Amino acid sequence: MGHLQAIEAVSPSDTHSRDLWAEFDNHTGGSERGGQQIFTIRDLAREFGVTARTLRFYEEKELLSPRRQGQERLYSRRDRARLKLVLMGKRVGFSLEEIRSMLDLYDLGDGRVTQLKVSYTRFNERIERLKQQRDEIDEAIAAMQRASKSLAEMLKERGAAVA
């Protein structure tokens, strides 16, 4: 529970992100095979709105590791959870390599403490970068608005209509 509190402290209102961590193994869809929740490529593609090609690409990049049954790829709950985290990481600007390095810390045998600490640090670094980018964007918007206002005034001085 301690790791959830740390994540909540970063963004208490972002229930979607918190749920991705808190419910790492939660699942929907798929089918039971041998007592385990199994998902086909079609199940995951439909659920997450990605293509089968995207899933195969993530497999090639060692982000997912489905079992094979003949030609069929069978994804575990773990693969599904990793896919959720990959998509969340991409959405906030992490590279696939950065995401993979964080996910690969899961199996260190320390109760995920290292993974959570590293992820927490990287998330906060990313937050700071995004805040800086937001500030730069706000400055650019303000400059563009000032320039636009000046241009509108110049057009009015010349008797031209402003659209």
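Predicted model, so just to flag it, every value in this text is computed and none were measured. (Residues numbered from 1 in each chain as written. Predicted model: local features only at pLDDT ≥ 70, side-chain atom pairs only at ≥ 80, totals over all residues. Heavy atoms only, no water.)

(A) View of the packing of helix H5 (residues 77–91) against helix H6 (residues 96–103). The contact between H5 and H6 brings their axes to 10 Å, and the two run at 140 degrees. Taken together, the axes of H5 and H6 lie oblique to each other. The interaxial crossing formed by H5 with H6 has right-handed handedness. Where H5 approaches H6, its residues Arg82, Leu85, Val86, Gly89 and Lys90 are matched on the opposing element by Leu96, Ile99 and Leu103. (Axes fitted to C-alpha atoms, helices over the stretch in contact; angles between N-to-C directions. Helix = DSSP H or I, 4+ residues; strand = E, 2+ residues; numbered from the N terminus. Parallel < 35°, antiparallel > 145°, perpendicular 65-115°, else oblique. Left-handed = near helix turned anticlockwise from the far one by under 90°. Contact = heavy atoms within 4.5 Å.)

(B) Spotlight on the nonpolar core. Counting residues in each nonpolar core, the largest one holds 19 residues, and the members touching the most others are Leu44, Leu55, Tyr58 and Leu83. Breaking this core down by element, the ones donating at least two residues are helix H3 (41–48), helix H4 (52–60), H5 and H6. Element by element, the count of residues in this core is highest for H5, at five residues. Apart from the residues within four sequence positions on either side, tyrosine 58 is in contact with Leu63, Leu64, Leu83, Val86, Leu87, Lys90 and Leu96. (Core = buried A, V, L, I, M, F, W, Y, C linked by side-chain atoms within 4.5 Å. Buried < 20%, exposed > 50% of the residue type's maximum accessible area, 1.4 Å probe, protein only.)

(C) Focus on the confidence of the model for the chain. Within the chain, residue pLDDT values average 83, and 78% of them lie at 70 or more. When pLDDT is averaged over each element of the chain, H4 comes out on top at 97 and helix H1 (residues 2–10) at the bottom at 36. Low pLDDT (under 50) marks residues 1–13, which in the prediction has eleven contacts with non-local residues, meaning those over four places away or in another chain. Throughout residues 22–28 the model reports pLDDT below 50, and contacts reaching past four residues in sequence, or to other chains, amount to 16 contacts. (pLDDT = per-residue confidence, 0-100.)

(D) Region of interest: the pattern of salt bridges. Enumeration according to the criterion identifies eight salt bridges in this entry. One salt bridge connects aspartate 107 with arginine 78, and the closest N-O pair in it is separated by 2.9 Å. Of this pair, aspartate 107 sits in the loop between H6 and helix H7 (113–157) while arginine 78 sits in helix H5, and the two are 29 residues apart along the sequence. On the basis of relative accessibility, which here comes to 51%, the residue aspartate 107 falls in the exposed class. Members of the salt-bridge network, linked through shared partners, are Arg82, Glu97, Arg100 and Asp104. (Salt bridge = Lys/Arg side-chain N within 4 Å of Asp/Glu carboxyl O.)

(E) Spatial organisation of unusual backbone geometry. Unusually for a residue other than glycine, glutamate 62 sits at a positive phi of about 65 degrees. Located in the positive-phi region is arginine 112, a residue other than glycine, with phi close to 70 degrees.

(F) Quick look at the packing of aromatic side chains. Using the criterion set out here, one finds two aromatic pairs in the structure. Ring plane angle 50 degrees and centroid distance 6.2 Å describe the contact between phenylalanine 57 and tyrosine 58, whose orientation is recorded as tilted. What makes phenylalanine 57 partly exposed here is its relative accessible area of 35%. Each ring, one from phenylalanine 94 and one from phenylalanine 123, has its centre 5.5 Å from the other, and the planes form 35 degrees; the classification is tilted. In this pair, phenylalanine 94 is assigned in the loop between H5 and H6 and phenylalanine 123 in helix H7, connecting sequence segments 29 residues apart. Classification of phenylalanine 94 by relative accessible area gives buried; the value is 7%. For phenylalanine 123, a relative accessible area of 25% translates into the label partly exposed. (Phe/Tyr/Trp six-rings, centres within 6.5 Å; stacked < 30°, edge-to-face > 60°.)

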